[in-house]
Amino acid sequence: MRMNRGFAAACLACCATWGTVAAQDKAGDGLAIGRQMLAEDNPGELWIEQGKALFHGLHGPRKASLERCDFGMGPGKLEGAAAQLPRYFADTDKVQDLESRLLTCMVQIQGFQHEDIVKRAVSPAGSNGSDVEALALYITSRSNGMKMNPPLSHVKERETYKAGEYLFFRRSGQTDFGCVQCHGEANKRIRLQDLLHMTDKKGAQEVASTWPAYRGGHYVIRTMQWRLYDCFWQMRLPELKYGSDTSIALISYLHHQGSGVMIKVPGFKR
Amino acid sequence: MRKSWMKGMLLFAPALIAVGCASYPDEATTRGLAEKMVSTDFTAPTPALLNRLVQDRSQQICSKIADAKLTQEEAAEVVKLARASIRYPSGGLVGDWKIGDKLAHNGAGSRIQRGQLEKRKENGGLCQNCHALAPGEINVGNIGPSLTGYGTQRGNSEPVAKLTYERIYNGWAYAPCSNMPRLGATGHLTPEQITHLVAYLIDPQSPINQKK
């Protein structure tokens, strides 16, 4: 009996830590100031209206809008939806991030071919951007000012989160890299490029609150799916499939590590 | 009263476990799920390139999650495997520092994008990404230790050349599971390329060993 009480208490204590939020403070270095200045006049804002028009307009072979798409808060309800992704969806019986969920809706509601969307999802640098990029930004922007807090109530959400953690530390390939080799310590750089310290709450919060982002060097909006793909490319690993379970697991891990942060998109990246 | 409270706890305990921390999958389940994801979620121009995702024994050992530590036995195994992996070039261990200088600043080669393998005559050494190199160079990373003055500090004797060669070929022979890629052992660089990097690091004429 005593055992049971102790176990229940331990469980409650453990659950309570899920909700805790680390306070955020601002680094005062020159680069951060520069980023702040750029972020205040972020060209990425321009894509929000485009995403909104795409969301409500009639598109695809079925000439349908995305207003029936359920991102977890009910059909067409976008307020705060991105702050609770990835999450489990009963209709697909899968944990999905924003972009894989968007893909599901574009296929099922609008009648697009999965392959066609994926082919165009990541736009060429210097282009007008892709529909998916604009949509992902618009949908996430409807969670601006809200705290990242994806659910862990479904067993598949917990499985996905743990798989993401495993993958973050998994080393492979001819460079022996996992994510943690570059993102496991504070104040590290590849050449002059700052690296986020993602095993730290503050670093993970930067990840969880700033994507999709305007990427200065590409002149377009980039999404989290793109960010992960590009890391694997640089690690000399094969190409990560857009919207794959591996990508969703990593996003789940990062969003939970960074939970509690206020979402503010578009972010601004170099 | 007290008894009924306990009875209540007994009833509720399983429910608490169901929603609580006890319901994370165990390590083996997680590994199974994640490895299945890796085996299906990547594409490559040739099936052979997908093998890059397959971990060798050392990579498995070196993928410790979060704060988990290497055991002494694991570290010893990684060192043993690393020592056994090292191959030496037919000629000397010290090549041409000028070639090594270029290699150290070359971060290209072997990447896969849009169904294509990046084709180069040779892979870059990647050093600049993570290490400070010649004095005054600004565009250098800091994930690894500074290599500025490497040869000035150590000299260019034969043992230094050998140690340097081995640390580039497979640094896990000395620092098991360090962040440093096993550049020779994984085939990213050839033994000959590594001799040029050795020269770049230890030759007194190399920019890395000049005063600012």
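Residues numbered from 1 in each chain as written. Chains lettered and ligands numbered in written order. Predicted model: local features only at pLDDT ≥ 70, side-chain atom pairs only at ≥ 80, totals over all residues.

Turning next to the environment of A:Leu228. Residues and elements named next belong to chain A. By the element assignment, Leu228 lies in helix H10 (residues 224-234). On the neighbour-count criterion, Leu228 (20 C-beta atoms within 10 Å) is buried. With 183 residues separating them along the chain, Leu228 and Glu45 place their C-alpha atoms 22 Å apart. Other than its neighbours up to four places away in sequence, Leu228 contacts Leu240, Ser247 and Leu250. (Helix = DSSP H or I, 4+ residues; strand = E, 2+ residues; numbered from the N terminus. Buried ≥ 20, exposed ≤ 12 C-beta atoms within 10 Å, placed from the backbone. Contact = placed C-beta atoms within 7 Å.)

Now for the interface of chain B and chain A. Residue-level contacts link 51 residues of chain B with 46 residues of chain A. Taken together, the elements giving at least two residues each to the side of chain B that touches chain A come down to helix H1 (2-19), helix H2 (27-40), strand S1 (42-43), helix H3 (47-50), strand S2 (112-113) and helix H7 (127-130) of chain B. With 7 residues, the single largest contributor to the side of chain B that touches chain A is H1(B). Per-class residue counts for the side of chain B that touches chain A are 27 nonpolar, 18 polar and 6 charged. Of the strand pairs in this sheet, strand S7 (residues 239-240) of chain A and S1(B) are connected by 2 bridges, and their pairing is antiparallel. Across the sheet, A:Leu240 pairs through a bridge with B:Phe42, a residue of S1(B). (Nonpolar A, V, L, I, M, F, W, Y, C, P; charged D, E, K, R; others polar. Pairing = 2+ DSSP bridges.)

Another aspect to go through is helix H9 (residues 201-210) of chain A. Most of H9(A) is tucked away, with 7 of its 10 residues classed as buried. When H9(A) is considered as a whole, its buried residues turn out to be A:Gly203, A:Ala204, A:Gln205, A:Val207, A:Ala208, A:Ser209 and A:Thr210.

Counting residues in each nonpolar core, the largest one holds 70 residues, and the members touching the most others are A:Leu102, A:Leu135, A:Leu137, A:Ile139, A:Ala249, A:Leu250 and A:Leu254. No other element matches helix H6 (residues 131-141) of chain A, which puts 7 residues into this core. Setting aside residues no more than four positions away along its own chain, A:Leu254 makes contact with A:Met198, A:Ala204, A:Val207 and A:Ala208. With 33 residues, the next largest nonpolar core counts B:Ala82, B:Ile194, B:Ala199 and B:Tyr200 among its residues. (Core = buried A, V, L, I, M, F, W, Y, C linked by C-beta atoms within 7 Å.)

Turning our eyes to something else, we now look at the packing of helix H7 (residues 155-168) of chain A against helix H11 (residues 245-257) of chain A. Each packed pair of helices is defined by two parameters, the angle between the axes and the distance between the axes. Residues and elements named next belong to chain A. Between H7 and H11, the shortest axis-to-axis distance is 7 Å and the interhelical angle comes to 95 degrees. Taken together, H7 and H11 sit at an angle that is classed as roughly perpendicular. Contacts between H7 and H11 pair Thr160, Tyr161, Ala163, Gly164, Glu165, Leu167 and Phe168 from the former with Thr246, Ile248, Ala249, Leu250, Ser252, Tyr253 and His256 from the latter. (Axes fitted to C-alpha atoms, helices over the stretch in contact; angles between N-to-C directions. Parallel < 35°, antiparallel > 145°, perpendicular 65-115°, else oblique.)

Across a sheet, strands are paired by hydrogen bonds formed along the backbone, either parallel or antiparallel in direction. Residues and elements named next belong to chain A. Reading across from one edge, S6-S5-S8 is the order of the 3 strands in this open sheet, with mixed pairing throughout. Two strands close off the open sheet at either side, each with one partner strand: strand S6 (220-222) and strand S8 (267-269). Geometrically, the sheet is characterised by an average inter-axis angle of 40 degrees between neighbouring strands, direction not taken into account. Relative to S6, strand S5 (residues 213-215) runs antiparallel, the two sharing 3 bridges. Counterpart to Tyr214 in the pairing with S6 is Ile221.

Turning next to the confidence of the model for chain A. The predicted model of chain A has a mean per-residue pLDDT of 90, with 87% of residues at 70 or higher. Note that pLDDT drops below 50 for residues 1-27 of chain A; the model gives that stretch 29 contacts with residues more than four away or on any other chain. (pLDDT = per-residue confidence, 0-100.)

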